[in-house]
Amino acid sequence: MGFYVVQFLTGLASAASLFLVASGLTIIFGVTRVVNFAHGSFYMLGAFIAYSLVKTLPLGPTGFWVGVVLAALAVGVIGVVMEVTILRRIYQAPELFQLVATFGVVMVAKDAALLFWGPEDRLGPRAPGLNKAIELFGSRVPEYDLVVIALGFVVLGLLWLLFNRTRWGAVVRAATQDREMLSALGINQKLLFTAVFFLGSVLAGLGGALQLPRASVSHQMDLSIIATVFVVVVLGGMGSIPGAFLAAVIISELSAFGILIFPKITLVLMFLVMVVVLVARPFGILGKPVPDVGEPVQSDETLTRLPSALGWAGYVAVVALLLAIPMLLSEFYLVLWTQVFIFALFAASLHFIMGGGGMVSFGHAAYFGLGGYGCAMLLVRAGLPMEATLLLAPVVAAAGAALFGYFCVRLSGVYMAMLSLAFAQIVWSVVFQWSDVTGGEDGVNRVWPSPWAKDRVVFYYLTLTLAAVGIFTLWRLLFAPFGYTLRAGRDSPMRAESIGIDIRFHRWLAFIISGAAAGVAGSLLALAKGFVGPTWVDIPRSIDALMMVLIGGVQTLVGPILGALTFVILEDRLSAFDYWRSAFGLIIILICVLMPKGIVGSGRALIGRLGLGGGGER
Amino acid sequence: MGPAREAGVKVRREDYMSQSKRLVGMVAASAIMIGAAGAALAADPIKIGEINSYTALADFTQPYRKGWQMAVNEINAKGGVIGRPLEVIARDDAGKPENAVSIAEELVTKDKVDILAGTYFSHIGVAVTNFSKEKKKLFIATEPMSDDITWAQGHNYTFRLRASTHIQSAMLAEEAAKTKAKRWAIVSPNYKFGQDAVAAFKRVLKEKRPDVEFVVEQWPALGKIDAGATVQALAQAKPDGIFNALFSRDLTAFVREADLRGLLTKDLVVAGLLTGEPEYLEPLGAEAPQGWIVTGYPWYAITDPKHKKFIDDYQAKYKETPKMGSLIGYVSIQAIAAMIQKAGSVDQDKLIVAMKGLTFDSVAGPVTFRDIDHQSTLGAWVGKTAVKDGKPIMVDWRYTQGPQYSIPDEEIKKLRGKE
């Protein structure tokens, strides 16, 4: 009995730290609708800054707490800087641009931490005066854990008071419900958003700083916390502070007790709970549907066909050039271009549902990964030939898309995006923790192509063929009656339904087709590398696809292809330099701020403005 | 994505030009040496593609980098190997096997390296050794310890320097068998390295002490331990021995919680794989656990003149104390140089023939790459942890070479198959 009480307290201590971070994210989302990936980076920076302050402040024992508070405030300032310099410029852009921009900030923050603190882990001191444990039912509970639990409750109480008993809180609550009304009443929204970012970032920084006595400060803290924090925020209901608290407790206790029964699958449990809750209550445990600020990918333009100006001659030239690459370039560029084709297909598959159906998937890596793992398992474990696995892998991915998509297409906007992320994380946690079958963290090795396709030139042509067939099929579908039906459902759901279109069914079908195409891409990458690992399914891979689509331009067909090309080439060119990741992040941010229609869209707009041609057919 | 974006900032080329500049500056004082260096510079460098987790596990890999840099500088100052200087192209895999494979491909197709080397994490080592087998490119696995690299997935193109998980776990099991502990708990990161280490420890301990039982196992994900809950779960089983294969940030979090929550009682026997390595022990400072049976690197107590010279030179050059990584990095380059010297060329087949059974004089004594499994005989230091003047150290240690802790040759042959 005593043991279970202590284990419960241990879970509660984790819950309290998790809540601090998650409450910050949920406040920011509730008001600004920004899905802030940089929140994890703020948590990491909070820990690093606190480490430095606690080490250097000449204040003795009080230095620890002063350092923690100052670190949290410093992170708040960093949050404000991000909001003012980047996000303020793109609140009007589709929501996804804000998400991608914050992912650019993640890259910059990572490099900044490397620059200032070096790559090594840092172990901070224990909290002065709290470096012991107290006896409880024969087990010991660290004093520091009890303080953190208390802090969790104090912050929960203070936030409740702030939002329910102050005028500022009332304004913030009004902002979450009706922004337009609020601005009509003369409230300065700019200032409000900035203040909310400050508060949210302070909480992230505080959460990070309080980790100091528990574990080493490391550069892996950012992405390792963000996935869990998303779970908590979505589970609790986006924008709901009590919801975040409840969800943090559920997730942490699940982990604390899950570890006793299923020590190897604690992560699977977490995401499983998330999916079950979201399927039953799409808006989270205590969440209410938040009015969409507009469809996340909607813009004033609609999908355009390929520019007719290019003509058949143009396409023949492009195809001829691609076919000639093996004769023109060295072996390494074959490898690089093979990757370009794979990611072009992946990006096109995401674009198919985003551009065509207005559906956003934050978790498209799920189908990429199912294809990759499907291929690897069939080839290595079942011993099928490569040709068969290339046919079956997309079937595996499509099956996954059919299952997950069934639930996803019922939602729209950011809720759909978050549910798709939850499903992707389920796939990730299963491949990550089901070691006996998937190889877990180690992945699956020896996923090599059949002997005839091993040669890099042959594999180049194989990839080119499959990617081209895949991309052209998707394009063709978008301008077939199916594609127009899909767009009718996107632009005018009520009218579409009233003329007898089953929107949900069409969206579901699109989801499955898209999943299959992503599966082909995933299996090709597995064969190209001879390996499959959890990185096939992790969050950065999903974001990669989003970035490629957005860089290229959502409302164009060639956009995703050019996005993938830009992405792969940029990465290859930049990686020769130190701190190149921050350069990459900055470019992403700049594209978001300066070219909200992507390269192709903005290029076309520029051409249109200069009066140089028709700008493609609507 | 490709090698690149994840690969972090330390994607750095050990540029041949900048090295030669440094080299020229260094030897300018010595008229005799200029001739030698000039000759070396005239020849094409021998390229070594070095893949490592320079940002994901900097505690080990940064000293490792310094170790090999030192060896490369020394060798090039003497005119290189077979009249050609060594050039190391170092790339960061950010701790992800996918990146490592991409980098390996790039090193082979773009940089045209003669040899692949490195990798820290076992699962990355396994991914790269499979690449090396497929593309028939020599790979010197310098750090990864998984038994698979030399046994179940062993092949002609890969050799491994560092003592394997089986060797080091067997050393610990031998010491653990001498204690009274009967009820054993396991805590280990859930990936290749941990799985192999635990299997080896269990096997050897059971052989020596059939009366022991394993009462609880905790397998936190690498780098993601929920330390408080894990410690409680172990404590609940009331073990009298713990085999701990955690390292780096998992280890520090575990030790803090274990200490706070009273898991580490006086009578508890703890066998800690790698815990004695300075890169993992030193960050714990005075909080370091005492009396653990560990493998590690007690450089402060080494008296062998040759080894001592390496330790002194390293400290003079870098103004910091050596770590296990420093030694492995240095010896890696010694091994590669000896191999090329013996082969007389960088032809892959000749290198493999030369490497099989190659014996060279490392700073840690003579080392042989065994013909049977391509594992080097470089041993490990096994001892106990202690805290002296607020600093954690290893005491009562001994150095033992690897082979006597290996498994029977017949079994190795069966595992390696036809290869």
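Reading guide: rules and limits
Residues numbered from 1 in each chain as written. Chains lettered and ligands numbered in written order. Predicted model: local features only at pLDDT ≥ 70, side-chain atom pairs only at ≥ 80, totals over all residues. Heavy atoms only, no water. Helix = DSSP H or I, 4+ residues; strand = E, 2+ residues; numbered from the N terminus. Buried < 20%, exposed > 50% of the residue type's maximum accessible area, 1.4 Å probe, protein only. Contact = heavy atoms within 4.5 Å. Areas by Shrake-Rupley, 256 points an atom, 1.4 Å probe, with all protein chains shown as cover. Pairing = 2+ DSSP bridges. Axes fitted to C-alpha atoms, helices over the stretch in contact; angles between N-to-C directions. Parallel < 35°, antiparallel > 145°, perpendicular 65-115°, else oblique. Left-handed = near helix turned anticlockwise from the far one by under 90°. Nonpolar A, V, L, I, M, F, W, Y, C, P; charged D, E, K, R; others polar. Domains from an automatic or database assignment. Buried area = accessible area lost by both parts, 1.4 Å probe. Salt bridge = Lys/Arg side-chain N within 4 Å of Asp/Glu carboxyl O. Polar contact = N/O pair within 3.5 Å; in protein donor to acceptor, adjacent residues only side chain to side chain. pLDDT = per-residue confidence, 0-100. Expected span 1.5 Å × (residues − 1). Phe/Tyr/Trp six-rings, centres within 6.5 Å; stacked < 30°, edge-to-face > 60°. Lys NZ or Arg CZ within 6 Å of the ring centre and 35° of its normal. Patch = residues over 30% accessible without salt bridge, like charges linked within 9 Å, V, L, I, M, F, W, Y side chains within 5 Å.

## Let's talk about the overall build of chain B
The helix and strand inventory of chain B stands at 14 helices and 15 strands. Expressed as a percentage of its 419 residues, the buried residues of chain B come to 68%. Restricting to contacts in chain B with at least 6 residues of sequence separation, those with at least 24 account for 71%. Surface summary for chain B: the accessible area is close to 13500 Å², and the carbon and sulfur share equals 53%.

## What about the sheet that holds strand 11 (residues 293-296) of chain B?
All names here are of chain B. Read across the open sheet, the seven strands follow the order 8-7-9-10-11-14-15; overall the sheet is mixed. The open sheet has two free edges, formed respectively by strand 8 (213-218) and strand 15 (391-400), since each of these has just one partner strand. Between one strand and the next, the sheet's axes are offset by a mean angle of 25°, whatever the strand orientation. Alignment of strand 9 (residues 241-244) against strand 10 (residues 269-276), held across four bridges, turns out to be parallel. Paired with Ile242 across the two strands is Val270, which belongs to strand 10. On the sheet, helix 8 (residues 227-236) packs against strand 7 (183-187), strand 8 and strand 9 and is oriented at approximately 165° with respect to strand 8.

## Section: the packing of helix 2 (residues 39-56) of chain A against helix 8 (residues 189-209) of chain A
Residues and elements named next belong to chain A. Remark: helix 2 packs on helix 8, axes separated minimally by 7 Å, with the N-to-C direction vectors making an angle of 55°. Classified by the angle their axes make, helix 2 and helix 8 are oblique. For the element pair helix 2 and helix 8, the recorded crossing hand is right-handed. Two secondary-structure elements touch here, helix 2 through His39, Phe42, Tyr43, Gly46, Ala47 and Ala50 and helix 8 through Gly200, Ser201, Ala204, Gly205, Gly207, Gly208 and Ala209. Grouping the amino acids of the contact of helix 2 with helix 8 by side-chain chemistry returns six nonpolar, seven polar and no charged.

## Concerning the domain arrangement of chain A
Residue and element names in this part refer to chain A. What the domain assignment reports for chain A is domain 1 (2-222) and domain 2 (334-609). Distance between the C-alpha centres of domain 1 and domain 2: 33 Å. With 22 residues of domain 1 in contact, the opposing surface of domain 2 contributes 24 residues. Considering only the side of domain 1, the residues that lose the most area to domain 2 are Leu96, Phe97 and Met107, jointly responsible for 29% of the buried surface there. Inspection of the region where domain 1 meets domain 2 yields one salt bridge. Taken together, domain 1 and domain 2 are joined by two residue pairs in polar contact (both at pLDDT 80 or more). The leading source of residues in the side of domain 1 that touches domain 2 is helix 4 (residues 95-117), at 15 residues.

## Quick notes on the interface of chain A and chain B
Residue-level contacts link 76 residues of chain A with 67 residues of chain B. Interface of chain A and chain B: buried area, both sides summed, is about 6100 Å²; carbon and sulfur atoms make up 51% of it. The closest approach of N and O atoms between Asp145 of chain A and Arg261 of chain B, which form a salt bridge, is 2.8 Å. At the junction of chain A with chain B, the criterion picks out 20 residue pairs in polar contact (both at pLDDT 80 or more). For the side of chain A that touches chain B, the leading source of residues is helix 1 (residues 2-32) of chain A, giving six residues.

## Some thoughts on the confidence of the model for chain B
On average, chain B scores 90 in pLDDT, and the residues at 70 or more come to 89%. Predicted confidence for residues 1-40 of chain B stays below pLDDT 50, and this span has 112 contacts to residues more than four positions away or in other chains.

## Observations regarding helix 24 (residues 580-594) of chain A
Owing to its 3.6 residues per turn, the α-helix brings residues three or four apart onto one side. Relative to the 21 Å expected for 15 residues at 1.5 Å per residue, helix 24 of chain A spans 21 Å between its end C-alpha atoms, a close match to the ideal helical length. Among all positions in helix 24 of chain A, only Trp580, Arg581, Ser582, Phe584, Gly585, Ile588, Ile589, Ile591 and Cys592 of chain A are buried.

## Quick word on the packing of aromatic side chains
Where two aromatic rings form a pair, the distance of their centres and the angle of their planes describe that pair. Residues and elements named next belong to chain A. One pass over the full model with this rule turns up 48 aromatic pairs over all chains. Relative to Phe511, the ring of Tyr367 lies with its centre 5.7 Å away and its plane at 85°, an arrangement referred to as edge-to-face. On the criterion of sequence distance, the pair formed by Tyr367 in helix 14 (residues 365-381) and Phe511 in helix 21 (residues 503-529) is long-range, its members being 144 residues apart. In this structure Tyr367 comes out as buried when scored by relative accessible area, which is 0%. On the basis of relative accessible area, Phe511 is assigned to the buried category, the value being 1%. The interplanar angle of 85° and the centroid separation of 5.3 Å between the aromatic rings of Tyr406 and Phe407 together place this pair among those described as edge-to-face. For Phe407, a relative accessible area of 27% puts it in the partly exposed group. Across the ring face of Trp536, the terminal group of Arg541 is positioned such that the distance to the ring centre comes to 5.7 Å.

## Topic: a nonpolar patch on the surface
Residues and elements named next belong to chain A. Residues Leu59, Val66, Val69, Leu70, Leu73, Val77, Val81 and Phe198 make up a contiguous nonpolar surface patch of roughly 610 Å² in combined accessible area. No other element matches the six residues that helix 3 (residues 62-85) contributes to the nonpolar patch. Take Leu73: it is sitting in helix 3.

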